[in-house]
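A structural walkthrough
Each chain, written out:
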Amino acid sequence: ELVEEVVDQFKPLARSKNLKIELDADAPVIIEGEPESVHQAISNLLSNAVRYTDNGKISVRLMETDVFAVVEVSDTGIGISDSDKDNIFHRFHRSDESRSREAGGAGLGLSIVKAVLEAHKGSVSVDSQLGRGSTFTVRFPKKLV
């Protein structure tokens, strides 16, 4: 429900840029976590995806493994250079200063994502190619039922 809520929150902004956001969820997944922090982390990922994508689409996929709830946020945006990948989760880091200034933001979003995941004993990773888009993958431990 939380992931669906965040996706719905960003659909109007995406539409204003002629982008489509698609959600693919295997099934409901329950994690142990603080809902506001998890909401913030997913929101930050979607905000960046919309901000740095001018053409194409954004895909959000929710799935689960034996121990993790996995959320992937993929876009067809500007991508991230190999030299920037190691730094994007640091506070105030901006990959493309001129583009970041135009798009707004303080360079804190991905550092917040990383902090939320670490606090929840999860992880975040990125797969990206400059000019081809990015996929951010977050893994939250599932709640043991």
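So, a few notes on the structure that sits alongside this text.

Analysis parameters
Residues numbered from 1 in each chain as written. Predicted model: local features only at pLDDT ≥ 70, side-chain atom pairs only at ≥ 80, totals over all residues. Heavy atoms only, no water. Pairing = 2+ DSSP bridges. Helix = DSSP H or I, 4+ residues; strand = E, 2+ residues; numbered from the N terminus. Axes fitted to C-alpha atoms, helices over the stretch in contact; angles between N-to-C directions. Contact = heavy atoms within 4.5 Å. Salt bridge = Lys/Arg side-chain N within 4 Å of Asp/Glu carboxyl O. Buried < 20%, exposed > 50% of the residue type's maximum accessible area, 1.4 Å probe, protein only. Bend = angle between axes of the 7 residues up to and from the residue. Right-handed = clockwise from strand over helix to strand, strands pointing away.

A few points about the sheet that holds strand β4 (residues 123-129)
Read from one edge to the other, the open sheet built from 5 strands follows the order β1-β2-β3-β5-β4, with strand pairing classed as mixed. Each edge of the open sheet is held by one strand with a lone partner, namely β1 (20-25) and β4. For this sheet, the mean angle separating the axes of adjacent strands, direction not counted, is 10°. Strand direction decides the pairing type here: strand β2 (residues 57-64) and strand β3 (residues 68-75), joined by 7 bridges, are antiparallel. Paired with S59 across the two strands is S74, which belongs to β3. Relative to strand β5 (residues 133-141), helix α5 (residues 109-119) is tilted by about 25°, and along the sheet it contacts β4 and β5.

So, the environment of I21
The topology assignment puts I21 in strand β1. Linking I21 and D75, residues 54 residues apart in sequence, is a C-alpha distance of 9.1 Å. Not counting residues up to four positions away in its chain, the partners in contact with I21 are V7, F10, K11, A14, L46, V50, I58 and V60.

Focus on the side chain of S43
Here S43 is to be found in helix α2 (residues 35-51). Those residues in contact with S43 that lie beyond four places of it in its chain are V6, Q9 and F10.

Section: the pattern of salt bridges
Taken as a whole, this structure holds 7 salt bridges when the rule is applied. Here K17 makes a salt bridge to D54, at a shortest N to O gap of 3.6 Å. Here D54 lies in the loop between α2 and β2 and K17 lies in the loop between α1 (2-16) and β1, a separation of 37 residues in the sequence. With relative accessibility at 42%, the residue D54 sits in the partly exposed group. When the shortest N-O distance is used, the salt bridge between E64 and K142 registers 2.8 Å. In this pair, E64 is assigned in strand β2 and K142 in the segment after β5, connecting sequence segments 78 residues apart. We classify E64 as partly exposed; its relative accessible area is 39%. Each member of the salt-bridge network shares a partner with another, and the members are K20, E22 and K57.

Quick word on α1
Along α1, the sharpest change in direction is near 35° and occurs at F10; proline P12 comes one to four residues later. Among all positions of α1, only V3, V6, V7, F10 and A14 are buried. Turning to α1, the residues buried within the fold contact β1, α2, β2 and β3. Count one or two residues on from α1 and you reach N18, which has phi positive near 60°.

Some remarks on the pairing of β2
Side-chain positions along a regular strand alternate between the two faces of the sheet. Relative to β2, β1 runs parallel, the two being bridged by 6 bridges. By the bridge assignment, E22 is partnered in β2 with S59. Where the polypeptide runs from β1 across α2 and back to β2, its parallel neighbour, the crossover connection is left-handed.

Function cannot be read off these values alone, since they describe shape.
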